[in-house]
Amino acid sequence: MKAAEALERYRQALIRYGAALDAGKSKAANEAFDEAVRLSHLFRNGGPDLQRDFLALIEDENVWVRFDVATCALEFAPARAVPALREIAAGFGLVAFNAEKILEQWEAGTLRLA
């Protein structure tokens, strides 16, 4: 699978994840999240070029995509990730709550990313 295809599959999985969470469909959310996690490892561990492509999604129109990219990017681009998470945390809903909790753990030094 080419990087662009994997990146789009990752993005689509996160869009499905957020929609499933918002609809209260936990099984669908878990399946989409599992796919996103598998794909995210390709980019997080793939070197600077793949990380750059991955990080571009931090400005995606979908808040769940931005949230996941920002959370993952704390490992290799915290200067971009933290402001993105702060912006999300200032919003509303489950994704804002999640962003707030990620930031709290990051700032306390207790965040463990898989």
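Predicted, not measured: the structure shown is a model, and the values here were computed from it.

(A) Structural view of the confidence of the model for the protein. Within the protein, residue pLDDT values average 94, and 99% of them lie at 70 or more. Here helix H3 (residues 48-55) stands out as the least confident element of the protein, with mean pLDDT 91; helix H5 (residues 78-89) is the most confident, with 98.

(B) Layout of the nonpolar core. Tyr-10, Phe-54, Phe-67, Val-69, Leu-74 and Leu-85 are the most contacted members of the largest nonpolar core, which totals 35 residues. Mapped by element, the contributors of at least two residues to this core are helix H1 (3-22), helix H2 (26-44), H3, helix H4 (63-73), H5 and helix H6 (93-108). In this structure Leu-85 touches Phe-67, Ala-70, Thr-71, Leu-74, Ala-99, Ile-102 and Leu-103, once residues within four positions along its chain are discounted.

(C) Local environment of the side chain of Asp-60. Assignment of secondary structure puts Asp-60 in the loop between H3 and H4. Residue classification places Asp-60 among the buried residues on the basis of a relative accessible area of 10%. Of note is the side chain of Asp-60, whose polar atom sits 2.6 Å from the side chain of Arg-11. Within the structure, the side chain of Asp-60 is placed 2.8 Å from the backbone nitrogen of Asn-62, a separation counted as a polar contact. Contact partners of Asp-60, with chain neighbours within four places excluded, come to Arg-11, Val-65 and Arg-66.

Reading the values: the criteria
Residues numbered from 1 in each chain as written. Predicted model: local features only at pLDDT ≥ 70, side-chain atom pairs only at ≥ 80, totals over all residues. Heavy atoms only, no water. pLDDT = per-residue confidence, 0-100. Helix = DSSP H or I, 4+ residues; strand = E, 2+ residues; numbered from the N terminus. Core = buried A, V, L, I, M, F, W, Y, C linked by side-chain atoms within 4.5 Å. Buried < 20%, exposed > 50% of the residue type's maximum accessible area, 1.4 Å probe, protein only. Contact = heavy atoms within 4.5 Å. Polar contact = N/O pair within 3.5 Å; in protein donor to acceptor, adjacent residues only side chain to side chain.

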